Amino acid sequence: MSAAAPLPSTVPEKISFATALKNEGNEFFKAAEYKKAAKCYKKVFLYINGLHGSDSQMKGFMQAMGASSRWDDTDDNVKVGGTEDEEAIKKLKVDVNANLSMAYLKLEDWSKALQYADASLAVDPTSSKSIYRKGLALHNLQRNDQALPLLVQANEADPSNKSIARTLQVEMFSGAFGS
């Protein structure tokens with residue numbers, strides 16, 4: 001994303017710009033550049049929440065709003081042009097928070113992974129990816145009594161996801177969730 005590019009002004013332009021940032025983050029993620037991916041993902045919220053500014057401005061804004069350790073905003077406070085825009089914004093919030101959760105799982109920052117999984121689930125409580133990622137974060141935080149039901153729930157919601165099934169099987173058989 002070029003700094004010289006004009007800032008989007010309409011809701012569809014903001015959604016398009018945010019989607020491009022998400023895709024850029026996905027490319028960094030595929031290249032195992034998880035910190036760069038997380039930075040792109042966080043910038044998405046500048047556009048889907050109707051805000052513009054630098055990273056430091058966004059951090060300052062979120063601290064002023066009482067969210068000192070997280071930049072996302074799960075409130076739908078963007079004035080949108082209709083249901084299609086609302087759905088696109090909701091999907092971006094769910095997907096980007098889920099992607100941030102995965103990036104922080106890869107970076108082994110379990111607390112942030114949990115935080116972003118929770119942010120995704122606040123928008124869509126049925127997101128199997130976010131349920132799974134929350135379960136993984138909780139497991140890595142040694143909160144296995146909370147992790148197991150989430151992993152089972154994610155597996156039931158998405159039985160074709162081999163990662164979920166494999167994690168659940170390995171963890172159950174390894175005794176990690178024993179009483």
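Values in this document were obtained by computation on a predicted structure and should not be read as measured data. (Residues numbered from 1 in each chain as written. Predicted model: local features only at pLDDT ≥ 70, side-chain atom pairs only at ≥ 80, totals over all residues. Heavy atoms only, no water.)

**Section: the side chain of N144**
Now for step 1: Note that N144 resides in helix α7 (residues 144-157).
Now for step 2: A polar contact of 2.6 Å, which involves the side chain of N144, links it to the side chain of H139. (Helix = DSSP H or I, 4+ residues; strand = E, 2+ residues; numbered from the N terminus. Polar contact = N/O pair within 3.5 Å; in protein donor to acceptor, adjacent residues only side chain to side chain.)

**Describing the UniProt feature "repeat: TPR" (unreviewed entry) in the protein chain**
Now for step 1: Residues annotated by UniProt as "repeat: TPR" (unreviewed entry) correspond here to residues 94-127.
Now for step 2: Between the end C-alpha atoms of residues 94-127 there is a gap of 8 Å, over a span that is 79% helix and 0% strand. (UniProt positions renumbered as here; feature names shortened; annotations may be inferred.)

**Some details on helix α6 (residues 128-140)**
Now for step 1: The terminal C-alpha atoms of α6, which comprises 13 residues, lie 18 Å apart, in line with the 18 Å expected from a rise of 1.5 Å per residue.
Now for step 2: The element α6 is extensively covered by neighbouring structure, given that 10 of its 13 residues are classed as buried.
Now for step 3: Residues S128, S130, I131, Y132, R133, G135, L136, A137, L138 and H139 constitute the buried set of α6.
Now for step 4: The first or second residue beyond α6 is Q142, which carries a positive phi of 65 degrees. (Expected span 1.5 Å × (residues − 1). Buried < 20%, exposed > 50% of the residue type's maximum accessible area, 1.4 Å probe, protein only.)

**Some points on the nonpolar core**
As a rule of thumb, nonpolar side chains are buried together in soluble globular proteins.
Now for step 1: Counting residues in hydrophobic clusters, the biggest one holds 36 residues, and the most contacted among them are I48, V96 and L100.
Now for step 2: In contact with V96, not counting residues within four places along its chain, are K22, Y41, V44 and F45. (Core = buried A, V, L, I, M, F, W, Y, C linked by side-chain atoms within 4.5 Å. Contact = heavy atoms within 4.5 Å.)

**A closer look at the layout of surface pockets**
Now for step 1: Quantified by volume, the second largest pocket comes out at close to 240 Å³.
Now for step 2: If you trace the second largest pocket, you find 14 residues lining it, with N26, D95, N99, K129 and R133 closest to the centre.
Now for step 3: Of all the secondary-structure elements, those providing two or more residues to the lining of the second largest pocket are α1 (11-30), α4 (83-106) and α6.
Now for step 4: When residues of the lining of the second largest pocket are assigned to their parent elements, the largest contribution, five residues, is made by α4.
Now for step 5: A breakdown of the residues in the lining of the second largest pocket according to their chemical character gives five nonpolar, four polar and five charged. (1 Å grid on protein atoms, 1.4 Å probe; cavity = no way out; pocket = protein on both sides within 12 Å on 5 of 7 lines; lining within 4 Å. Points joined across faces, edges and corners; volume = space filled by probe spheres on them. Nonpolar A, V, L, I, M, F, W, Y, C, P; charged D, E, K, R; others polar.)

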